[in-house]
Amino acid sequence: MDLRALHCFIAVAEEGHFGRAAVRLHLAQPPLSRRIRELEADLGCRLFDRIPTGARLTPAGEVLLAEARDLLERAERARERVRGAEADRVLVLGTVAGAGVEVGPAALAALRRNRPGVRVRLREAPVTDPTAGLREGRVDLALTRLPFDTTGLTVRQLGEEPVVAAVPADDPLAARPSLRVAELAGRPRFRLPTGTDGRWRAYWLAAEEDVPGPVVASVEECLHAVLWEGAVGLLPAGAVLRHARPGIAFVPVDGYPPSRVVTARRAAVTDPLVDALADALDAAGEARVQQGRRAGLRPPTPVPAEPDVPGPDRE
């Protein structure tokens, strides 16, 4: 039964008159009468006898009045319990390699405006896990980067970020305004451990698997590899601001696909709060693109989705 129809039924029963009930409900009388008729058709019985002074409950109506009041009370209790559960909810957002940190504050502010009771906890994942703990259930939503295996995940692209080469400050390449990946050949490269997602490893290594160099599991280890072992490698362009330090130069890389910043969630899980967080991140990312356009910056170039990526998803 429709709860709105039950509200209408109770109003007519308590007022004993369709006109007065319509005024009480701020509703025109014809729609009110139609809802009562639909309720009677649904139950297969007459609920009111029309009398000169208004409307009188039938025996079936008397039974429904007590049941309807109980149903609406239970519905309200359920509503309050659901709201209370949301107020206590902590969403865990997993991030990898600084993906989307620029849009995070705006997205969080928007989420709090619409869902004031929800809290968000950030979990920084190692660079060995591009899903940021999503597959293991450690996080509700991942703010990460393509490419990686997205089987069973729903992916939504937020934007893209160029890559830079991290090189020792005394390397001849450090003085260059830009370089191409091929120019890193002959130097040790920081590498990701065996077992890391194959597409992810191939993108960030951008070299043959047998190239020499230290194995790393975090951005900090990448930077230590540059400083202490003279290694080179690719990092997102945001590293220029987030990880600047003496002894390391960050050189823009030409002719290499940008890192695509995305949100990812488990496709089989339906969760309105996760959807709300993903929507807030998406809106913040779009707002950042629009700001770039107004400033005269070129917007991200759309990148075709990989065959098994259901995105950018706009569900």
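Thresholds, definitions, all that
Residues numbered from 1 in each chain as written. Predicted model: local features only at pLDDT ≥ 70, side-chain atom pairs only at ≥ 80, totals over all residues. Heavy atoms only, no water. Helix = DSSP H or I, 4+ residues; strand = E, 2+ residues; numbered from the N terminus. Buried < 20%, exposed > 50% of the residue type's maximum accessible area, 1.4 Å probe, protein only. pLDDT = per-residue confidence, 0-100. Contact = heavy atoms within 4.5 Å. Phe/Tyr/Trp six-rings, centres within 6.5 Å; stacked < 30°, edge-to-face > 60°. Salt bridge = Lys/Arg side-chain N within 4 Å of Asp/Glu carboxyl O. Core = buried A, V, L, I, M, F, W, Y, C linked by side-chain atoms within 4.5 Å. Pairing = 2+ DSSP bridges. Polar contact = N/O pair within 3.5 Å; in protein donor to acceptor, adjacent residues only side chain to side chain.

**Details of unusual backbone geometry**
Backbone geometry follows two general trends: most residues other than glycine have a negative phi, and most peptide bonds adopt the trans configuration.
Reasoning step 1: A cis amide bond links L146 to the next residue, P147, at an omega of 10°.
Reasoning step 2: Among the secondary structure elements, P147 is positioned in the loop between β5 (141–146) and β6 (153–161).
Reasoning step 3: Despite not being glycine, A97 has its phi angle at roughly 50°, a positive value.
Reasoning step 4: Tracing the sequence through the fold places A97 in the loop between β3 (90–96) and α5 (104–114).
Reasoning step 5: A97 gets classed as buried once you look at its relative accessible area, which sits at 11%.
Reasoning step 6: Within the chain, A206 stands out as a residue other than glycine whose phi angle is a positive 50°.

**Concerning the confidence of the model for the protein chain**
Reasoning step 1: Looking at the protein chain as a whole, the pLDDT averages 84, with 88% of positions reaching at least 70.
Reasoning step 2: This model gives residues 292–315 a pLDDT under 50, and the stretch forms 40 contacts once residues within four places in sequence are excluded.

**A short note on the packing of aromatic side chains**
Reasoning step 1: Inspection of every chain in the model, using the stated rule, returns five aromatic pairs.
Reasoning step 2: With a centroid separation of 5.4 Å and an interplanar angle of 50°, the aromatic rings of F9 and F48 are classed as tilted. With F9 in helix α1 (residues 3–15) and F48 in strand β1 (residues 48–51), this residue pair connects regions lying 39 residues apart in the sequence. Neither residue differs from the other here; F9 and F48 are each classed as buried.
Reasoning step 3: With a centroid separation of 5.2 Å and an interplanar angle of 45°, the aromatic rings of Y203 and Y256 are classed as tilted. Residue Y203 is located in helix α6 (residues 198–205), and its partner Y256 is located in the loop between β10 (248–254) and β11 (259–266); the two are separated by 53 residues in the primary sequence.
Reasoning step 4: Taken together, the ring pairs connect W200, Y203, W204 and Y256 into an aromatic cluster.

**A short note on the pattern of salt bridges**
Reasoning step 1: For the coordinates displayed, the defined rule picks out 18 salt bridges.
Reasoning step 2: Note that R24 and E15 form a salt bridge whose closest N and O atoms lie 3.3 Å from each other.
Reasoning step 3: The class of R24 is partly exposed, set by a relative accessible area of 38%.
Reasoning step 4: E15 gets classed as partly exposed once you look at its relative accessible area, which sits at 26%.
Reasoning step 5: Linking R138 and E136 is a salt bridge whose minimum nitrogen-to-oxygen distance equals 3.7 Å.
Reasoning step 6: Counted as one network, the salt bridges with shared partners bring together E14, E15, R20, R24 and R69.

**Re the nonpolar core**
Reasoning step 1: Ranked by internal contacts, the top residues of the largest apolar core, which has 45 residues, are L184, F190, L235 and F250.
Reasoning step 2: Counting 21 residues, the second largest nonpolar core, distinct from the first, contains A21, A22, L39 and A68.

**A word on the pairing of strand β4 (residues 119–125)**
Reasoning step 1: The pairing of β3 with β4 spans seven bridges and is parallel. Bridging from a neighbouring strand, V96 pairs with A125 of β4.

**Some points on the side chain of T196**
Reasoning step 1: Tracing the backbone through its elements, the reader meets T196 in the loop between β8 (179–180) and α6.
Reasoning step 2: What makes T196 buried here is its relative accessible area of 8%.
Reasoning step 3: Reaching out from T196, the side chain makes a polar contact with the backbone oxygen of P193 at a distance of 2.8 Å.

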